Amino acid sequence: MTPPQITVLGECVADAFTEPAGARSELALRVLPGGGPANTAVSLARLGTPARFLARLSGDVFGRLFRAHLEASGVDLSYAVAAAEPSTLAVAELDDQGQAAFSFHAQNTADWQWTPRELAGVDLSETACVHTGSLALVREPGAAVVEEFLATASRRATISIDPNVRPLLVHPDVYRARLAHWCGLADILRLSEDDLELLLPGTPPEQACDTWHAAGARLVVITLGADGALASLDGERLRVPAVATRVVDTVGAGDSFTAGLLHHLAVRGLLGGRLTGLGLDDVAEACRFATRVAALTCSVAGPNPPWRDQPALVATAGNS
């Protein structure tokens, strides 16, 4: 069964990874297409969900790389904007555990310049879910435009948001000030334990879930790295263990988890409204599938999510 379409809105970032150079005065970089929303769109398409990506893609060398990567993964770019501004660049340094620390070059780049006219004509009649988050929701001038688009989309589609806090670019206070409003728009809120610590420092995950439920989000999922994930549906909670894997790096793992979660729910016809048919057992199955997708992403370099025909996914319920 082919799941319904999911539309993803947000940035595509050039992730540049440092590599050994031939001389001390040189720095070699390996550039891969990345950015949270783009990673999610790619992962959805590779899993078999019709994925449409609303992005502002530059015509520069990075923008051309983004287009080739997205199209090769099967992502629909029919509503992508050909932007005059340059692409956003993030330089990543990996620690011994494969965790990445980023420095961003994002001033006046293409991703944040949304205008109402660019999103006004987007046809959502076939879209069951709209997913967004990360910097698209906080970088001006486009952030307010994206929020208005979500408010309109929520009349017919499930809304999914991943805050993906980037404190080097935007102070966490900006996210905190908008988060309650986003929960009022969102049916699904997915975030990491790092996001939790930046948004509600020192708050237990269960208490944070209750806070965000009170603001409007029905399903809250907090990924906890090697400790798996905590999911809360209207206050009913469960934990799902992580899938053991040899970690190369964790870049894109959270985005792949989100894609796995949404894909599984879409396959079962549970997206397209306010999650009225969703039960805790459905959430558990979706999270188990999502952790497997995330683990496979961690097992390779960079944001390179798995394809649906990989043996490790073929036997799982989320791909049926």
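Residues numbered from 1 in each chain as written. Predicted model: local features only at pLDDT ≥ 70, side-chain atom pairs only at ≥ 80, totals over all residues. Heavy atoms only, no water.

Undergrad: Help me understand the sheet that holds strand 2 (residues 13–19), please; the structure alone is not making it clear to me.
TA: One key point about sheets: their strands pair by backbone hydrogen bonds, in either a parallel or an antiparallel sense. As summarised here, the arrangement of the four strands in space is 3-2-7-8, forming an open sheet in which the pairing is mixed. Unpaired on one side and paired on the other, strand 3 (28–34) and strand 8 (100–105) mark the two borders of the sheet. Sheet twist, expressed as the mean angle between neighbouring strand axes with direction ignored, is 30 degrees. Of the strand pairs in this sheet, strand 2 and strand 7 (residues 88–94) are connected by five bridges, and their pairing is parallel. Across the sheet, the residue bridging to Val13 is Thr88, located in strand 7. Along the sheet, helix 2 (residues 61–72) contacts strand 2, strand 3 and strand 7; its crossing angle with strand 3, the most-contacted strand, is approximately 50 degrees. (Pairing = 2+ DSSP bridges. Helix = DSSP H or I, 4+ residues; strand = E, 2+ residues; numbered from the N terminus. Axes fitted to C-alpha atoms, helices over the stretch in contact; angles between N-to-C directions. Contact = heavy atoms within 4.5 Å.)

Undergrad: Just checking my understanding: could you explain the packing of helix 8 (residues 253–267) against helix 9 (residues 280–298) for this structure?
TA: Any two packed helices are characterised by the angle at which their axes cross and by the distance between the axes. Two numbers describe how helix 8 lies on helix 9: the axes approach to 7 Å, and their chain directions differ by 145 degrees. Crossing angle aside, the handedness with which helix 8 passes helix 9 is right-handed. Listed contacts from helix 9 to Ala253, Ser256, Phe257, Gly260, Leu261, His263, His264 and Leu265 of helix 8 are Asp282, Glu285, Ala286, Cys287, Phe289, Ala290, Thr291, Val293, Ala294, Thr297 and Cys298. Of the residues contributing to the contact of helix 8 with helix 9, the split by class is eleven nonpolar, six polar and two charged. (Left-handed = near helix turned anticlockwise from the far one by under 90°. Nonpolar A, V, L, I, M, F, W, Y, C, P; charged D, E, K, R; others polar.)

Undergrad: What exactly am I supposed to notice about unusual backbone geometry here?
TA: A negative phi holds for most residues other than glycine; trans holds for most peptide bonds. Cis rather than trans, the peptide bond between Glu140 and Pro141 has omega equal to 10 degrees. The backbone of Asp234 sits at a positive phi, close to 50 degrees, despite the residue not being glycine. By secondary structure assignment, the location of Asp234 is in the loop between strand 13 (229–233) and strand 14 (236–240). Its identity as a non-glycine residue notwithstanding, Leu275 has a phi of 60 degrees, on the positive side. Within the secondary structure, Leu275 is located in the loop between helix 8 and helix 9. For Leu275, a relative accessible area of 2% puts it in the buried group. (Buried < 20%, exposed > 50% of the residue type's maximum accessible area, 1.4 Å probe, protein only.)

Undergrad: What exactly am I supposed to notice about the sheet that holds strand 1 (residues 5–9) here?
TA: Strand order in the open sheet formed by eight strands is 4-1-9-10-11-12-13-14, with mixed pairing between adjacent strands. Of all strands in the sheet, those with a lone pairing partner are strand 4 (51–54) and strand 14, marking the two edges. Sheet twist, expressed as the average angle between the axes of neighbouring strands with direction ignored, equals 15 degrees. In the sheet, strand 11 (residues 188–192) pairs with strand 12 (residues 219–223) via five bridges, with the strands oriented parallel. Among the inter-strand pairings, Ile188 is bridged to a residue of strand 12, identified as Leu219.

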